[in-house]
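Structural overview
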Amino acid sequence: MSSKMRLLYKMVNSYLKVRLFNKPAPISILIDITNQCPKVCCYCDSWKQAPMYMATNDILKLLKELDSAGVSRITFHGGDPLMHPDFKRIIRAAREYNFFITISVRETLIRKHIEDLKFVDLVFVSFDGNESAHDAQKGKGSFEELMQAFQALKENRISFQTTTVMTRINKGDIDFITDTAKKFDFYTHFQPLQFPPFKKIDQSALKNPDDNPLAPLILSKEEYAEIGRRLLELKSRGVHIATSKKIIKLLFIDWPIPTLTFLPYRLDKSIKCWSGLLYNSIGVTGELFPCAYYYPTYLQIKPSNAFTEGFENALKKNIKDESCQTCMIPCFMELNAMFSLNIGTIINWLPKVIGKYNIIKKGMNK
Ligand SMILES: C[S@@+](CC[C@H](N)C(=O)[O-])C[C@H]1O[C@@H](n2cnc3c(N)ncnc32)[C@H](O)[C@@H]1O
């Protein structure tokens, strides 16, 4: 069986195990290998934490365990994974296994690591608008680095997509972003600002939204809805937007209160949250979480640990708090829609994965 077929077989196998027996069998695992970033984003507080890097030996052992457990996709995340001093070794080790590999990075270190990024199937880079908007949200000089990074990725035929956080600063930049996507031949995601980031249903955000330092950036429900309608219109015209129509509609048009990042109910009855069953996250010190955005809550209830207990044991003990049912995090909502068999979302993603970019095939050409 070819590597590509084995990968598809693994995915279907995990999916059936979960649907038939309701036992965790993750297809996708996100791993935070460091919490450090080369530059500070105005809406993210990851940089405020003490610097942490996963030990390389722990990562190498984990990759082996994830392979044995039948995991199909891994995402190197952070912080910026390119900040890990052993990234070169880690990415080559990951490529030895039959994983579909994605990574989420800032623009700053892309050119330095361009040879390493050839081992990745799909690179995600943040892109927040024209020079003044991007630099305002991502730090001075970032836009220039970003354009150089796009050029380097394109020249080296490395598949990439971008993610834009929509705020009051860049709400007029949608056309600039999609024009740039066309120029460099990539697809782009749009997402609302999470307010506050990395917290579960935070009642204080509801009571006192003005106290949040992100208050000047957040848009009103009507403004997000207008953005959503514009994105849907552009997408219907074939513009390079990666976000599926279903998720654009849910996160921009139907989302009830912009200051809430999590809802305690299903916003779309047909879309279930599959975190903890079909996808999980591993924190920088090895804790296994149902999803990355549970960190603050799960640290209070002592999550199982993939390093001290082994991945499979940690998975068996993994606890899922069901108090949130829908989130504003597009990457997880896209997975939730696909795993809930939403046909439109599956059709949106298939050509971007095995069609035009053919990234699975490329990743398997070792
Ligand atoms: C947390 S970062 C980690 C990966 C990498 N450091 C980066 O900047 O892309 C992943 C994505 O989350 C986005 N992000 C961070 N804080 C956010 C917030 N408060 N609201 C929405 N998106 C946010 C970033 O712009 C980025 O696209």
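Look a little higher up for the structure.
Residues numbered from 1 in each chain as written. Predicted model: local features only at pLDDT ≥ 70, side-chain atom pairs only at ≥ 80, totals over all residues.

A closer look at the overall build of the protein chain
Each helix and strand in the protein chain was counted, giving 16 helices and 10 strands. Here the protein chain holds 366 residues, and the buried ones make up 47% of them. (Helix = DSSP H or I, 4+ residues; strand = E, 2+ residues; numbered from the N terminus. Buried ≥ 20, exposed ≤ 12 C-beta atoms within 10 Å, placed from the backbone.)

Some details on the pairing of strand β8 (residues 279-282)
Of the two faces of β8, the one lined by Tyr-279 and Ser-281 and the one lined by Asn-280 and Ile-282 are each fully buried. As defined by bridge partners, strand β1 (residues 28-32) adjoins β8 across four bridges and the pair is classed as parallel. When the sheet's bridge partners are listed, Ser-28 is paired in β8 with Tyr-279. Bridge analysis of β8 against strand β9 (residues 288-289) gives two bridges, and the strand direction is antiparallel. Within β9, the residue paired with Ile-282 across the bridge is Leu-288. (Pairing = 2+ DSSP bridges.)

A word on the sheet that holds strand β2 (residues 73-77)
Taking strand neighbours across the sheet as the criterion, the eight strands line up as β6-β5-β4-β3-β2-β1-β8-β9 in an open arrangement whose pairing is mixed. If you trace the sheet from one side to the other, it starts and ends with β6 (187-192) and β9, each paired once.

Notes on helix α9 (residues 221-236)
Look at α9: 23 Å from first C-alpha to last across 16 residues, which is about the 22 Å you get at 1.5 Å a residue. Of all the residues in α9, the buried ones are Tyr-224, Ile-227, Gly-228 and Leu-231. Considered in projection along α9, the buried side chains sweep an arc of 105 degrees and stay on one side of the axis. Facing away from the buried surface of α9 by more than 90 degrees, the exposed residues are Glu-222, Glu-233 and Ser-236. Elements that come into contact with the buried residues of α9 comprise β5 (160-166), α7 (174-184), β6 and α10 (245-254). Note on α9: the residue one or two positions beyond its end, Gly-238, has a positive phi of about 85 degrees. (Expected span 1.5 Å × (residues − 1). Arc of directions from axis to C-beta. Contact = placed C-beta atoms within 7 Å.)

Section: the packing of helix α2 (residues 56-68) against helix α3 (residues 87-95)
Viewed as axis vectors pointing N to C, α2 and α3 meet at an angle of 10 degrees, and their least axial separation amounts to 10 Å. Here α2 lies roughly parallel to α3, going by the angle between them. Counting all contacts with α2, which are made through Thr-56, Ile-59, Leu-60 and Leu-63, the residues of α3 involved are Arg-89, Ile-90, Ala-93 and Ala-94. Tallied by class, the residues present in the contact of α2 with α3 amount to six nonpolar, one polar and one charged. (Axes fitted to C-alpha atoms, helices over the stretch in contact; angles between N-to-C directions. Parallel < 35°, antiparallel > 145°, perpendicular 65-115°, else oblique. Nonpolar A, V, L, I, M, F, W, Y, C, P; charged D, E, K, R; others polar.)

Structural notes on the environment of Ile-101
Structurally, the position occupied by Ile-101 is in strand β3 (residues 100-105). Residue classification places Ile-101 among the partly exposed residues on the basis of 19 C-beta atoms within 10 Å. Each C-alpha atom, one on Ile-101 and one on Phe-76, is 7.8 Å from the other, the two residues being 25 residues apart in sequence.

Structural measurements only, silent on function.
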